[in-house]
Structure formats: C-alpha cells, structure tokens
Amino acid sequence: QLQLVESGGGLVQAGGSLRLSCLASGRTIDRYNMGWFRQAPGKEREFVADISWAWVDRRTYYADSVKGRFTISRDNAKNTLYLQMNSLKPEDTAVYYCAAKTTTYSPGSWAYFYWGQGTQVTVSS
C-alpha cells in the first residue's frame, strides 16, 4: 500500500513562491505516474500537473492556469514528488493534493488510485 503525505503549504503574498512536497511511503514511486490536484473553497477539485515515471523521455503536463508558473518534478531516490509554485496569485489558493498510479501515463488524467490528505496554500493579495 502506498501512502502519500503532502507538506510545504502555507500563507504567501501574491507574487511569492512555495514548494510543495509529497513524501511517499510503503512502496517506492519509481514506477508510479504522479500528479498534483487542487480544490478551492466551494469549487470542485481540479487538475494542476502530472509527471510520468519514465526514466527516459519523462513527460510532464500542466493545466493552462499554471503553465509557466508551476514546475512539477520528482526525486525517486527520496521517494518524493515536488511542485514548485512561482508568481502565485490569489486564485491559486486551495488545498493541494498529490496522487499516484501505476496505470499508463495519460496527460491530464484523473484516474489516480492513491491520494494524499492535502496541504493548504493561501495566497493573499
């Protein structure tokens, strides 16, 4: 069983940066495709970014709303997924969740089996 725990959230002013981490335990993530999602108050959960497990030709994909500002990465040796968030905007305020799956990588897919509990990101104007 894979467990995921997010960290790194907090309060930041607009234009600032945060780096979220998602530490996995129970299994190694080297064969897992992984992603970040977020849910703002009163809104549905939405896709943010994902990254394939491949060691060669690793692929990433971003929601249009974060493209050019957020960067997803992974360190398999540390069993950790990251989300570097720059130029943050108030509309980025949400609970951020990481997710993992072993099924075929499909950019923007929601078909994840394992989910973390989330970390709160609040961007003030």
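Bear in mind the structure is a predicted one, so any value in this text is a computation, not a measurement.

Draft legend 1. Inspection of the overall build of the chain at higher detail. When helices and strands are tallied, the chain shows zero helices and 11 strands. When the elements of the chain are put in sequence order from the N terminus, they spell out β-β-β-β-β-β-β-β-β-β-β. Over its C-alpha atoms the chain spans a radius of gyration of 14 Å, differing by no more than 12% from the 14 Å that the globule rule assigns to 125 residues. Each principal axis of the C-alpha atoms in the chain carries an extent, and together these give about 40 × 25 × 25 Å. In the chain, buried positions account for 46% of the 125 residues. Taking as baseline every contact in the chain between residues at least 6 positions apart, the subset at least 24 positions apart corresponds to 60%. Summed over its atoms, the accessible surface of the chain is roughly 6500 Å², and 49% of this surface lies on carbon and sulfur atoms.

Draft legend 2. Geometry of the side chain of Asn 79. Its place among the elements puts Asn 79 in the loop between strand S7 (70-75) and strand S8 (80-85). Those residues in contact with Asn 79 that sit more than four places away from it in its chain are Cys 22, Leu 23, Ala 24, Ser 25, Arg 27, Thr 28 and Ile 29.

Draft legend 3. Representation of the nonpolar core within the structure. Leu 4, Trp 36, Leu 83, Met 85 and Tyr 96 are the most contacted members of the largest nonpolar core, which totals 35 residues. Of all the elements in the fold, those that place two or more residues in this core are strand S3 (18-25), strand S4 (33-39), strand S5 (46-51), S7, S8, strand S9 (94-101) and strand S11 (119-124). Per-element accounting of this core gives the leading share, five residues, to S9. Ignoring any residue separated from it by four or fewer positions in sequence, one finds Leu 83 in contact with Leu 18, Arg 19, Leu 20, Trp 36, Val 48, Ala 49, Phe 70, Thr 71, Ile 72 and Tyr 96.

Draft legend 4. Spotlight on the sheet that holds S7. Here we have four strands laid out as an open sheet, ordered S1-S3-S8-S7, and antiparallel in their pairing. The sheet is open, and its two edges are formed by strand S1 (3-7) and S7, each paired on a single side. For this sheet, the mean angle separating the axes of adjacent strands, direction not counted, is 15 degrees. Bridge count for S3 against S8 is six bridges, and the pairing is antiparallel. Residue pairing in the sheet places Cys 22 in a bridge with Leu 81 of S8.

Draft legend 5. View of the state of the cysteines. Enumeration over the complete set of coordinates arrives at one disulfide. Between Cys 22 and Cys 98 runs a disulfide, and the two sulfur atoms are separated by 2.0 Å. Judged by the torsion about the S-S bond (50 degrees), the Cys 22/Cys 98 disulfide is right-handed. Taken together, the residues span a long stretch of sequence, with Cys 22 in strand S3 and Cys 98 in strand S9 at a distance of 76 residues. There is no split in this pair, since Cys 22 and Cys 98 are both buried.

Rules behind the numbers
- Numbers given for residues are sequential positions, taken from 1 along each chain in its written order.
- Per-residue local features of the predicted model are confined to residues with pLDDT of at least 70, and side-chain atom pairs are confined, for both listing and counting, to 80 or more; whole-chain, interface and lining totals are unaffected and use all residues.
- In computing side-chain values, all of the structure's heavy atoms are included and hydrogens and water are not.
- By definition, any uninterrupted DSSP run of H or I lasting at least four residues is a helix, any uninterrupted run of E lasting at least two residues is a strand, and each is numbered from the N terminus.
- The globule rule is 2.2 Å times the number of residues to the power 0.38, and the radius of gyration it is compared with is taken over C-alpha atoms.
- Burial classes: relative accessible area under 20% of the type maximum marks a residue as buried, over 50% as exposed, and values in between as partly exposed (1.4 Å probe, protein chains only).
- Only heavy atoms matter for contacts: two residues are in contact if any of them lie within 4.5 Å across the pair.
- Computed by Shrake-Rupley with a 1.4 Å probe, the accessible areas treat only the displayed protein chains as cover when residues are assessed.
- Remark: nonpolar core denotes a set of buried residues (Ala, Val, Leu, Ile, Met, Phe, Trp, Tyr, Cys) joined through side-chain atoms within 4.5 Å.
- Any two strands are treated as partners once DSSP identifies two or more bridges connecting them.
- Fitted lines through C-alpha atoms give the axes, limited to the stretch in contact for helices. The angle between two N-to-C directions lies from 0 to 180 degrees.
- Criterion for a disulfide: a pair of cysteine sulfur atoms within 2.5 Å.

The values are spatial; any link to function lies outside them.
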